[in-house]
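# Notes for the structure review
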Protein chains: 2
Amino acid sequence: LPMARMGSELRCQCISTHSRFIPPRNIQDVKLTQSGPHCTNVEVIATLKDGREVCLEPTANWVKVIIKAILDKAQGNV
Amino acid sequence: LPMARMGSELRCQCISTHSRFIPPRNIQDVKLTQSGPHCTNVEVIATLKDGREVCLEPTANWVKVIIKAILDKAQGNV
């Protein structure tokens, strides 16, 4: 069964993080979750186009590059 | 009923976008979804700490500031 993703999770979602670059074209969405009472870590979870969910390292530079790439594509919406 | 958020939605999720700044402390998570066959727009959906979901304008500078603020907090994890 897929893991339920409600508005507020009660614990950390990531046990480990994927360290290798994932091309933006393989990524469907990226969710950034703030740290809080449920989890002391900032968590970044990518859903890949094949449906897999992968935890990314929020401090990795390539993760910032991917997020920037997604937002930059939005400039084309305007 | 809360809207189901599965790995792949079949259509755009945002009818309009919230244009006013939302303080990062009020945000639980931010999800960036690439454009694709399901939707021609890049979509940015924030879940607020009160459970509301708000569509943000992906081209707004303050949206980039909020995403940077979340990632910068992760530097403190290390």
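The following paragraphs examine the structure supplied in this document. Just so we're clear, the structure is a prediction, and the values are computed from it rather than from any experiment. (Residues numbered from 1 in each chain as written. Chains lettered and ligands numbered in written order. Predicted model: local features only at pLDDT ≥ 70, side-chain atom pairs only at ≥ 80, totals over all residues. Heavy atoms only, no water.)

## Topic: the relation of the copies chain B and chain A
Applied cut-off: We place the copies in one frame by least squares, fitting the C-alpha atoms of every residue whose pLDDT is at least 70 in both. Only heavy atoms enter the contact rule, under which two residues are in contact if any of them lie within 4.5 Å.
Least-squares fitting of chain B to chain A yields an RMSD of 0.0 Å, with the superposition described by an axial translation of 0.0 Å and a rotation of 180°. Viewed as a symmetry operation, the transformation between the two copies matches a two-fold axis. Taking the C-alpha atom as reference, chain B places Lys31 of chain B closest to the rotation axis, 2.0 Å from it. By residue overlap, the copies meet face to face through one surface: 100% of the interface positions of chain B are interface positions in chain A.

## Section: the packing of helix H1 (residues 61-74) of chain A against helix H1 (residues 61-74) of chain B
Just so we agree on the cut-off: Simply put, an axis is a line fit to the C-alpha atoms, just over the touching stretch for a helix, and the angle between two N-to-C directions goes from 0 to 180 degrees. Strands are runs of DSSP state E lasting at least two residues, helices are runs of H or I lasting at least four, and both sets are numbered from the N terminus onward. For classification purposes, an angle smaller than 35 degrees is called roughly parallel, one larger than 145 roughly antiparallel, one from 65 to 115 roughly perpendicular, and anything else oblique. In this scheme the crossing of two helices becomes right-handed for a clockwise turn of the near helix relative to the far one and left-handed for an anticlockwise turn of less than a right angle. Throughout this entry, Asp, Glu, Lys and Arg are counted as charged residues, while Ala, Val, Leu, Ile, Met, Phe, Trp, Tyr, Cys and Pro are counted as nonpolar. The remaining residues, Gly among them, count as polar.
At a minimum axis distance of 12 Å, the contact between H1 of chain A and H1 of chain B shows a crossing angle of 165°. Compared by their axis directions, H1 of chain A and H1 of chain B come out roughly antiparallel. Note that H1 of chain A runs across H1 of chain B; the crossing there is right-handed. Here H1 of chain A contributes Lys64, Ile67 and Leu71 of chain A to the contact with H1 of chain B, which in turn contributes Lys64, Ile67 and Leu71 of chain B. For the contact of H1 of chain A with H1 of chain B, the class distribution of residues is 4 nonpolar, no polar and 2 charged.

## Quick look at the interface of chain B and chain A
To keep things clear, this is the line we draw: In this description, buried area is defined as the sum, over both parts, of the accessible area (probe of 1.4 Å) that is lost when the two are combined. The salt bridge criterion pairs a side-chain nitrogen of Lys or Arg with a carboxyl oxygen of Asp or Glu, the two atoms within 4 Å.
Listed as interface residues are 31 residues of chain B and, on the opposing side, 31 residues of chain A. Both sides together, the interface formed by chain B and chain A hides about 2900 Å², and carbon and sulfur atoms give 58% of it. If you sort the residues of chain B by the area they bury against chain A, Leu32, Gln34 and Leu71 of chain B come out on top, with a joint share of 24%. Viewed at the interface, chain A and chain B are joined by 2 salt bridges.

## Quick look at the pairing of strand E2 (residues 43-48) of chain A
All names here are of chain A. How we decide: Buried means the residue's accessible area, taken with a 1.4 Å probe over protein chains only, is under 20% of the maximum for its type, while exposed means over 50%, and partly exposed covers the values in between. We call two strands paired when DSSP finds no fewer than two bridges between them.
The buried fraction of E2 is high, at 6 of 6 residues. Of the pairings in the sheet, the one linking E2 to strand E3 (residues 53-56) comprises 4 bridges and is antiparallel in character. Looking across to E3, one finds that Thr47 is bridged to Glu53. Counted along the chain from E2 to the antiparallel partner E3, the turn is 4 residues long, and its residue Gly51 has a positive phi close to 95°.

## Here's the deal with the side chain of Gln34 of chain B
Definition in use: Pairing of N or O atoms within 3.5 Å defines a polar contact, subject to two protein rules: one partner must be a possible hydrogen donor and the other a possible acceptor, and residues neighboring in sequence count only if both atoms are side-chain atoms.
By the element assignment, Gln34 of chain B lies in the loop between strand E1 (27-33) and strand E2 (43-48). The exposure class assigned to Gln34 of chain B is buried, which follows from its relative accessible area of 3%. Looking at Gln34 of chain B, its side chain comes within polar contact range of the main-chain oxygen of Pro24 of chain A, at 2.6 Å. With sequence-adjacent residues up to four places away left out, Gln34 of chain B is seen in contact with Pro24, Arg25, Ile27, Gln28, Ile70 and Lys73 of chain A together with Asn41 of chain B.

## Notes on the pattern of salt bridges
All names here are of chain A. Throughout the structure, instances matching the rule amount to 6 salt bridges over all chains. Of the charged contacts, one joins Lys68 and Asp72 as a salt bridge, the two residues approaching to 2.8 Å between their closest N and O atoms. A residue pair is termed a helical-turn pair when its members lie 3 or 4 positions apart in one helix, as Lys68 and Asp72 do in helix H1 at 4 residues. The partly exposed category is assigned to Asp72, whose relative accessible area is 35%.

## Regarding the nonpolar core
Quick note on the threshold: Within this scheme, the nonpolar core is defined by two criteria: the residues are buried Ala, Val, Leu, Ile, Met, Phe, Trp, Tyr or Cys, and they are joined through side-chain atoms within 4.5 Å.
Core analysis: the biggest nonpolar cluster contains 36 residues, and Val30, Leu32 and Ile67 of chain A together with Val30, Leu32 and Ile67 of chain B have the highest contact counts within it. Mapped by element, the contributors of at least two residues to this core are strand E1 (27-33), E2, E3 and H1 of chain A together with E1, E2, strand E3 (53-56) and H1 of chain B. Among residues more than four places away in sequence, those in contact with Leu32 of chain A are Glu43, Val44 and Ile67 of chain A together with Gln28, Asp29, Val30, Leu32, Ile67, Ile70 and Leu71 of chain B.

Geometric descriptors of this kind do not, in isolation, establish any biological role.
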